[in-house]
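Structural overview for review
Take a look at the letters that make up each chain.
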Amino acid sequence: MGTLPTALPSLAVPPVPLTLETLGIILPVAATLALVGLIESLLTAQLIDERTGTSSDKNVESRAQGVANIITGCFGGMAGCAMIGQSMINVTNGGRGRLSTLVAGLGLLALILLLQPLLVQIPLAALVAVMIVVSVSTFDWASVRTLRASPRGETAVMLATVGVTVVTHDLSRGVLVGVVLSALMFARTVARSAQVTATDDGRGTLTYHVSGPLVFVSAHGLPERFGPGPAAGRVVIDLSAAQVWDASAVAALDQVRRAFQRQGLRVDLTGLDGSSAALTGRAEPDALGGH
């Protein structure tokens, strides 16, 4: 199906006008390719690391993929990413280093340029059979048995991603749905993770212990979790078990502080780690900084 090349491609700059109109046309496609390619490459790297018991530098892999795709475009090629099926088969057959992937690429190049008359004789049905074998050998069958034990949110994300991909025949849409659902699940989990408990020393000091990440989803409604302060004395907000992630959390803490101060109480914030203290200092230098 289609025509195979008979010579190596030549280096050339794509003949497109370098205008904002061109950017508007290619940007949505480029962003989708980048998202899907990056996710699939990171997934492949994680699977290979698990199979080989090694650790790879994901940042190096991602940067190399981006540079390679830019150079490929100058030779008329298509953007690519890590190939899960081929990588798993490579590892299964003993390939471990970069040389194994280089040999695979050179072997494919030799088939296309030198053995093309034989290559075109391979029936399409045989190629379909190869892809089925790749799918069966790379599928994690144990994951099906653990669906009942997995959290419902993770199972829903996985099924939605697979379902959208199968129905639309578009992996990018399936990945987009999976990313959005995962973000919503994460926000829901974080929103429930922040806890506030109070202890009274009996001498006029009431300490509120805040635990968990404080971000916009968990900071919403945070002031309502604080009860009334003592009749007189001091309120301590202990954040040693919490992490302040954004300005919404800083604003929520400042709202709590002001509410206690309106009751004539002294309010102290303690236990801020380095990053949380820096964030509160930048967001509210006059309100929370220095406590």
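Refer to the structure presented above.
A brief report on the enclosed structure follows. Since the model is a prediction, treat every value here as computed from it, not as a measurement.

**Looking at the environment of Phe75**
Within the element layout of this structure, Phe75 appears in the loop between α2 (58-73) and α3 (84-92). In sequence terms Phe75 and Leu11 are 64 residues apart; their C-alpha atoms lie 4.9 Å from each other.

**Description of the sheet that holds strand β2 (residues 205-214)**
Taken in spatial order, the four strands of this open sheet run β1-β2-β3-β4, and their pairing is mixed. The strands lining the two open edges of the sheet, one partner per strand, are β1 (195-200) and β4 (266-270). Between one strand and the next, the sheet's axes are offset by a mean angle of 20°, whatever the strand orientation. Looking at chain direction, strand β3 (residues 234-244) and β4 are connected through five bridges and run parallel. Pairing of Val235 across the sheet is with Val267, part of β4.

**Some thoughts on the nonpolar core**
In summary, soluble globular proteins display a tendency toward joint burial of nonpolar side chains. Counting residues in hydrophobic clusters, the biggest one holds 23 residues, and the most contacted among them are Val210, Leu214, Phe226, Ile237, Leu239 and Phe260. Breaking this core down by element, the ones donating at least two residues are β2, β3, α11 (247-261) and β4. Ranked by residues supplied to this core, first place goes to α11 with six residues. Val210 has contacts with Gln195, Val196, Phe226, Ile237, Asp238, Leu239, Ala241 and Ala242, leaving out every residue within four places of it along the chain.

**Some thoughts on the environment of Leu119**
Secondary-structure assignment places Leu119 in helix α5 (residues 116-119). The sequence separation of Leu119 and Leu4 amounts to 115 residues, and the corresponding C-alpha distance is 9.7 Å. With near-sequence residues (within four places) excluded, Leu119 lies in contact with Leu4, Leu111 and Ile112.

The rules we used
- Residues numbered from 1 in each chain as written.
- Predicted model: local features only at pLDDT ≥ 70, side-chain atom pairs only at ≥ 80, totals over all residues.
- Heavy atoms only, no water.
- Helix = DSSP H or I, 4+ residues; strand = E, 2+ residues; numbered from the N terminus.
- Pairing = 2+ DSSP bridges.
- Axes fitted to C-alpha atoms, helices over the stretch in contact; angles between N-to-C directions.
- Core = buried A, V, L, I, M, F, W, Y, C linked by side-chain atoms within 4.5 Å.
- Buried < 20%, exposed > 50% of the residue type's maximum accessible area, 1.4 Å probe, protein only.
- Contact = heavy atoms within 4.5 Å.

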